[in-house]
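# A structural walkthrough
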Amino acid sequence: MKHRIISTLFLFILVGIVHAGDVPAFKRQVIQIPISSPCWVQLSWKDINGDRLVDLMALVQRDNKAFIYIQNGSGFPSALVQSIELSEGTAWVTLYDINEHHGKEILISKSEGLVYLPQNNGVFEMEPQKLIEARQVFLNNPSPLVIEPNNWPDDMKNAIPVIFSDHTIIYKCDENYRLNVGRKIEHEFNNTMEKFNWNSWSVGSKKSDQILIRTTAQEKSKERDEQDPTEENEYIKKMFEQTKTKRQQDCFIEKRDINNDGNKDVILLHLQQDIDVKTNIIIFKRRRSGELPEKPDQILRCRGMPIIGDYPRPTYCKPFFDINNDGFSDIVFMEPEMIVSVSAL
């Protein structure tokens, strides 16, 4: 009998409501993403239709599908707005304002070059339009990725990479939607690739063969001079020591101004990966003196795992995103749920 697994990924959004001087309170919302089998899902949060609300594009890698969710005044709808099937050979996708149509387009990079799907009021056309024709070096069957060009350093913001065997050409789109050829980056050949360097692109079937195209790696050095929270707070230090001795548990530190008072607060993420994946968010609100309190200001016990992370054995986790575009960090989790048939068991 044929095995059948029906899976759904639930995103749990905890939207933060903050009053001056208070610890954030959160209200819960759920987005349901259909997937055919348990696999990694990448998320891109951007204003797609130009109404100043953050929308969602969820890329399901194994299914080669992108699901679009458009937020309205009362939050995200329970049903998706559009399902887009990506063709084989897609290496990466992104949301990018590439032509004069209102709103962003879906930019798709494949071995034959780059194409895009125009948008009309939050709905994308299914017939791709050619942007750049080029024979790019990708695997025969790459797992598509979401890239975020706006998050790259200033000199590379909104760059469009076209990858060849020994070099990459950078294109940029100007305010008149003209595509201009920018700099040429010679590839570096490395034995190993630094994991999750968001300022890089890579191609290759395994780590030893990967070509690393590095633009800069300076962003992570900004926090090196800051004090280590495990040294300035005994509670955090003990949590790290305890999780080191326990299987399927990890702790991560996120420094973030969670209440918008100008001070970087400390958030301790305690991830427990068992039959039921759970994450505790432990918030330490930094005082005006610059010191952390001895005990947490707030503890949130949540099901699921943060939206961004290196799974199943994570080296970092990030659950924060400003969903409602109000300047405050909201918390987003995802939780896969499976209905398994008797034959599959």
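Criteria and cut-off values
- Residues numbered from 1 in each chain as written.
- Predicted model: local features only at pLDDT ≥ 70, side-chain atom pairs only at ≥ 80, totals over all residues.
- Heavy atoms only, no water.
- Helix = DSSP H or I, 4+ residues; strand = E, 2+ residues; numbered from the N terminus.
- Contact = heavy atoms within 4.5 Å.
- Areas by Shrake-Rupley, 256 points an atom, 1.4 Å probe, with all protein chains shown as cover.
- Core = buried A, V, L, I, M, F, W, Y, C linked by side-chain atoms within 4.5 Å.
- Buried < 20%, exposed > 50% of the residue type's maximum accessible area, 1.4 Å probe, protein only.
- Arc of directions from axis to C-beta.
- Polar contact = N/O pair within 3.5 Å; in protein donor to acceptor, adjacent residues only side chain to side chain.
- Salt bridge = Lys/Arg side-chain N within 4 Å of Asp/Glu carboxyl O.
- Pairing = 2+ DSSP bridges.
- Axes fitted to C-alpha atoms, helices over the stretch in contact; angles between N-to-C directions.
- Phe/Tyr/Trp six-rings, centres within 6.5 Å; stacked < 30°, edge-to-face > 60°.

### Structural notes on the overall build of the protein
Along the protein, the regular secondary structure elements total two helices and 28 strands. If you take every contact in the protein between residues at least 6 apart in sequence, the share linking residues at least 24 apart comes to 47%. Surface exposure of the protein reaches about 18,600 Å², of which carbon and sulfur atoms provide 47%.

### Describing the nonpolar core
Core analysis: the largest hydrophobic core is formed by 22 residues, its most contacted members being Trp92, Leu107, Leu114 and Ile160. Residue assignment for this core shows that the elements contributing at least two residues are β7 (90-96), β9 (113-117), β14 (160-163) and β15 (167-173).

### Regarding helix α2 (residues 234-244)
The set of residues buried in α2 consists of Ile236, Met239 and Thr243. Here the buried residues of α2 occupy an arc of 60° about the axis, which is enough to place them on one side. Residues of α2 that are exposed and point more than 90 degrees away from the buried face comprise Glu234 and Lys244. Lining the buried residues of α2 we find α1 (229-232), β20 (249-256), β21 (265-272) and β22 (278-284). The residue sitting at the N-terminus of α2 and contributing the capping side-chain oxygen is asparagine 233; that oxygen lies 2.9 Å from the backbone nitrogen of tyrosine 235.

### Regarding the pattern of salt bridges
Taken as a whole and judged by the stated rule, the model has six salt bridges. In this structure, glutamate 148 and lysine 46 form a salt bridge, with 3.5 Å as the shortest nitrogen-oxygen distance. Separated by 102 residues along the polypeptide, glutamate 148 in the loop between β13 (145-146) and β14 and lysine 46 in strand β3 (residues 41-46) bring together distant segments of the chain. Overall, lysine 46 belongs to the buried group, its relative accessible area being 12%. Between glutamate 133 and lysine 130 there is a salt bridge, with the nearest N and O atoms lying 3.7 Å from each other. In this structure, glutamate 133 and lysine 130 share a single accessibility class: exposed.

### Remarks on the sheet that holds strand β6 (residues 82-85)
Ordered by their spatial adjacency, four strands build an open sheet running β3-β4-β5-β6, and the pairing between neighbours is antiparallel. For this open sheet the edge positions go to β3 and β6, each flanked by a neighbour on one side alone. Sheet twist, expressed as the mean angle between neighbouring strand axes with direction ignored, is 20°. Here strand β4 (residues 55-60) pairs with strand β5 (residues 65-69) via five bridges, running antiparallel. Bridge assignment links leucine 59 to a residue of β5, and that residue is alanine 66.

### Re the sheet that holds β7
Overall, mixed pairing links the five strands, which are arranged β12-β9-β8-β7-β13 in an open sheet. Two strands bound the open sheet, and with one partner strand each, they are β12 (129-133) and β13. Relative to β9, strand β8 (residues 105-110) is paired through five bridges, and the arrangement is antiparallel. Counted as the bridge partner of leucine 107 is tyrosine 116 from β9.

### Some thoughts on the pairing of strand β23 (residues 298-303)
Only one face of β23 is covered, namely the one carrying Gln298, Leu300 and Cys302; the face carrying Ile299, Arg301 and Arg303 has none of its residues buried. Where β22 lies against β23, six bridges are found, and the strand directions are antiparallel. Of the residues in β23, the one forming a bridge with isoleucine 281 is leucine 300.

### So, unusual backbone geometry
The residue arginine 52 is not glycine, and still its phi comes out positive at about 70°. Relative to the assigned elements, arginine 52 resides in the loop between β3 and β4. Given a relative accessible area of 69%, arginine 52 falls into the exposed group. One non-glycine residue with positive phi stands out, namely tyrosine 177, at about 65°. Topologically, tyrosine 177 is positioned in the loop between β15 and β16 (179-186).

### Observations concerning the environment of leucine 43
Structurally, the position occupied by leucine 43 is in strand β3. Residue classification places leucine 43 among the buried positions, given a relative accessible area of 15%. Between the alpha carbons of leucine 43 and valine 60 there is a distance of 8.9 Å; along the sequence they are 17 residues apart.

### Section: the packing of aromatic side chains
As enumerated under the stated definition, the model contains two aromatic pairs in all. Taking 6.1 Å as the distance between ring centres and 75° as the angle between the ring planes, the aromatic pair formed by tryptophan 45 and phenylalanine 76 counts as edge-to-face. Placement of tryptophan 45 in strand β3 and of phenylalanine 76 in the loop between β5 and β6 is noted, with a sequence separation of 31 residues between them. For phenylalanine 76, a relative accessible area of 7% translates into the label buried.

### Side note on the environment of aspartate 330
Here aspartate 330 is to be found in strand β28 (residues 330-340). The spatial distance from the C-alpha of aspartate 330 to the C-alpha of isoleucine 258 is 8.7 Å, given a sequence separation of 72 residues.

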